[in-house]
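What follows is each chain in one-letter form.
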Amino acid sequence: MSSADALEQLAAQIRSCQKCPLGRLRTHAVPGEGPADAEIMLIGEAPGYHEDKQGRPFVGASGRLLEKLLAQIHFTREDVYITNVVKCRPPANRDPLLVEIEACQPWLRQQIDLIDPLVIVTLGRFSMAQFLPPSARITRVHGQPMMQEDRAITPMFHPAAALRNANWMRDMEADFVRIPELLAKVRALRAAREQEGRGPEQLSLF
Ligand code: URA
């Protein structure tokens, strides 16, 4: 089966998921969207009102900001894979609960395995917490990429936070423009690994 088919099969499972109570409250689950071979994966927190209605990620104001930031680095939203940590909307957009995050974790892990992105951009603290230790503070670590397995994880503010705070907006813009350079570095590292037959554990960027 192609990874696009496997990703679609996974999306169908997510759409009928009842692993946590959010399954009964949603209008639509929001598995995510984008090419199965996307080099960049953006991971947000959870669907909001509009995402729940449409079954698509980041279709409101935060999504418009992401599209603008992507355009500045000559990408469109169709070039990247966009998803969330939690695939169903928490009531009244409250923070997702641990039980919801944990129930959804296998979906996100399978999406990452199938897509195998070179760069993961975490948007906000819930997404960052999937990859960084709980002691990490987004105000300190945003824009600082790290290698995990053979991909770069780069934490950024959530676009909704950037829309509320002009300083964070400036930070987010500055962090975003560094993505192409990061992508080029990871591409080069993977190419070197393939050529030399080295394993991902021997890769180091930073
Ligand atoms: N905020 C998120 O974290 N995800 C969305 O899909 C929309 C808004």
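Residues numbered from 1 in each chain as written. Predicted model: local features only at pLDDT ≥ 70, side-chain atom pairs only at ≥ 80, totals over all residues. Heavy atoms only, no water.

Peer 1: Quick rundown of the nonpolar core? Include the residues and the values.
Peer 2: The biggest cluster of nonpolar side chains holds 33 residues, and the ones touching the most others in it are Met-41, Ile-43, Ile-112, Ile-120 and Phe-131. Residue assignment for this core shows that the elements contributing at least two residues are helix H1 (3-15), strand S1 (40-44), helix H5 (98-115), helix H6 (125-128) and helix H7 (138-141). With seven residues, H5 is the single largest residue contributor to this core. (Core = buried A, V, L, I, M, F, W, Y, C linked by side-chain atoms within 4.5 Å. Buried < 20%, exposed > 50% of the residue type's maximum accessible area, 1.4 Å probe, protein only. Helix = DSSP H or I, 4+ residues; strand = E, 2+ residues; numbered from the N terminus.)

Peer 1: How would you explain the site of the ligand if you had to name every residue and give the values?
Peer 2: In the neighbourhood of the ligand, the contacting residues comprise Gly-44, Glu-45, Ala-46, Glu-51, Pro-57, Phe-58, Asn-84 and His-158. Within the side chain of His-158, a nitrogen or oxygen atom sits 2.8 Å from an oxygen atom of the ligand. Here the ligand has 240 Å² of accessible area as a free molecule, and 91% of this is covered by the chains. (Near = heavy atom within 4 Å. Polar contact = N/O pair within 3.5 Å; in protein donor to acceptor, adjacent residues only side chain to side chain. Areas by Shrake-Rupley, 256 points an atom, 1.4 Å probe, with all protein chains shown as cover.)

Peer 1: Would you mind going over unusual backbone geometry in detail, with residue names and values included?
Peer 2: Here His-74, not a glycine, exhibits a phi torsion of approximately 65°, which is positive. When you line up the elements, His-74 lands in the loop between helix H4 (61-72) and strand S2 (81-84). Positive phi outside glycine occurs at Glu-149, with the angle close to 55°. Along the chain, the position of Glu-149 falls in the loop between strand S4 (146-148) and strand S5 (151-156). Accessibility expressed as a relative area gives 61% for Glu-149, which makes it exposed.

Peer 1: Lay out the sheet that holds S4 with the relevant residues and their values.
Peer 2: Across a sheet, paired strands are connected by hydrogen bonds in the backbone, their directions being either parallel or antiparallel. If you trace the five strands from one edge of the open sheet to the other, you get S2-S1-S3-S5-S4, paired in mixed fashion. Strands at the two margins of the open sheet, each flanked by one partner only, are S2 and S4. Averaged over neighbouring strand pairs, the angle between their axes works out to 25° when direction is ignored. (Pairing = 2+ DSSP bridges. Axes fitted to C-alpha atoms, helices over the stretch in contact; angles between N-to-C directions.)

Peer 1: Now, about the pattern of salt bridges: what can you tell me, with residues and values included?
Peer 2: Per the stated rule, a full pass over the model turns up 14 salt bridges. Salt-bridge contacts for Glu-39 lead to Arg-187; the nearest nitrogen and oxygen are separated by 2.7 Å. Of this pair, Glu-39 sits in the loop between helix H2 (22-25) and S1 while Arg-187 sits in helix H10 (residues 179-196), and the two are 148 residues apart along the sequence. Across the pair Asp-95 and Arg-125 runs a salt bridge whose closest N-O atoms are separated by 3.0 Å. In this pair, Asp-95 sits in the loop between S2 and H5 while Arg-125 sits in helix H6, placing the two residues 30 residues apart along the sequence. (Salt bridge = Lys/Arg side-chain N within 4 Å of Asp/Glu carboxyl O.)

So far we have only geometry, and geometry alone does not tell us how the molecule works.
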